[in-house]
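Residue-level listing of the chains:
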Amino acid sequence: WKKVQQINNIKRPKRMQPGTQVRVPMEWIKHNAVHAEVLTTRGKTTLIKADGARVEAPAPGTRIALGDQLETGPESNVTVRFADKSLITLHADSTILFDHLSAYGETGMVDSRLHLLKGRGDTRITPASGPGSRFEIRTPSAISAVRGTEYRLSSSEQSNASTFEVLKGKVAVSGEQKTQLLPARFGTRVEVGKPPLPPRELLPPPTLDT
């Protein structure tokens, strides 16, 4: 506690007023492994555990741990919920690897990092609750980092490129040590070995005649 007092320059610790903000270094906060879980599933889906075991058609509530991989077949999709209530829906013919799943105790700060090997996904990310909050998705050509938004992404093996389309909030997309900040209703494309293209406005949503 003396180090906390020193960092915050607290002269009289027994006279602190209610509501006083106290800074605590991130490296002092314990972090622990957490799991994600299958929320909904349709069609052919397979969960490949880190030890190689395969779970065909994982039921809602099935836990996903660090190192697990999720695959979808044709005309299939699966939605995964993370510890901070963030969601990702993986569409048909997609593969995603769960690289990192952890939390900082009960602070609400969750660190989730994924690797979309191929296919498409839609995300709905819970706003960050502190500096330790992180949600990052890597593709073979780029990395997207967000702190509360909705966006789509896809990775194509044929074209060696990834696309990112932001629906709400902002997304930072990085490739070849260059970063583009995408605002809502804009997208970009990133080829392997190249920086992201300048943001381009998305097409307007269709008007449905009932």
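All of these numbers come straight from a predicted model, not from anything done at the bench.

Can you walk me through the nonpolar core in this structure?
A general feature of soluble globular proteins is that nonpolar side chains tend to end up buried together. One finds Phe82 and Phe98 to be the most contacted residues of the largest nonpolar core, which totals 28 residues. The greatest single-element share of this core, amounting to three residues, is contributed by strand β9 (residues 95–103).

Which parts of the structure should I look at to understand the packing of aromatic side chains?
The description of an aromatic ring pair uses the distance of the two centres, along with the angle that the planes make with each other. A complete count under the given rule lists two aromatic pairs for this structure. Between Phe82 and Phe135 the ring centres are 5.2 Å apart and the planes differ by 90°, which places this aromatic pair in the edge-to-face class. Of the two residues, Phe82 is situated in the loop between β7 (77–81) and β8 (87–90) and Phe135 in strand β11 (residues 134–138); the sequence distance between them amounts to 53 residues. Pair check on accessibility: Phe82 and Phe135 agree, each one buried. Each member of the aromatic cluster is reached from another via a ring pair, and the members are Phe82, Phe98 and Phe135.

How should I be thinking about the pattern of salt bridges in this particular structure?
A side chain with one charge may pair with a side chain of the opposite charge, provided their charged atoms come close. Tallied over the entire structure, the rule returns twelve salt bridges. In this structure, Glu150 and Lys168 form a salt bridge, with 3.7 Å as the shortest nitrogen-oxygen distance. Remark: Lys168 occurs in strand β14 (residues 161–168) and Glu150 occurs in strand β13 (residues 150–156); sequence separation between them is 18 residues. Look at Glu150 and you get buried, because its relative accessible area is 19%. Given a relative accessible area of 51%, Lys168 falls into the exposed group. Glu191 is the salt-bridge partner of Arg189, the closest N and O atoms lying 2.8 Å from each other. According to the relative accessible area criterion, Arg189 is partly exposed, its value standing at 31%. Through salt bridges with shared partners, a single ionic network connects Lys44, Arg54 and Glu56.

Just to check I follow, could you spell out the pairing of β11 for this structure?
Regular strands have side chains that alternate between both faces of the sheet. In this structure, strand β10 (residues 110–124) lies alongside β11, joined through five bridges in parallel fashion. Following the sheet pairing, Arg113 is matched in β11 by Glu136. Summarising the sheet, β11 and strand β12 (residues 143–146) pair through four bridges and their orientation is antiparallel. The residue of β12 that forms the bridge with Arg138 is Ile143. Between β11 and β12, which pair antiparallel one after the other, the connecting turn spans four residues.

Cut-off values and rules
- Starting afresh in each chain, residues are numbered from 1 along the sequence in its written order.
- The predicted nature of this model means local features are confined to residues of pLDDT at least 70 and side-chain atom pairs, given and counted, to a pLDDT of 80 or more, with totals for whole chains, interfaces and linings taken over all residues.
- Working from all heavy atoms in the structure, the side-chain values ignore hydrogens and water.
- The set of buried Ala, Val, Leu, Ile, Met, Phe, Trp, Tyr and Cys residues whose side-chain atoms join them within 4.5 Å is what this entry labels a nonpolar core.
- Burial classification: accessible surface area is computed with a 1.4 Å probe over protein chains only, and a residue below 20% of its type maximum counts as buried, one above 50% as exposed, and the rest as partly exposed.
- Elements are defined by DSSP. Helices are runs of H or I of four residues or more, strands are runs of E of two residues or more, and each kind is numbered from the N terminus.
- Stacked, edge-to-face and tilted are the three classes for Phe, Tyr and Trp ring pairs, Trp counted by its six-membered ring, which pair at centre distances within 6.5 Å; planes under 30 degrees apart are stacked, over 60 edge-to-face, the rest tilted.
- Any carboxyl oxygen of Asp or Glu that lies within 4 Å of a side-chain nitrogen of Lys or Arg is treated as forming a salt bridge with it.
- Here, strands pair whenever DSSP counts at least two bridges between them.

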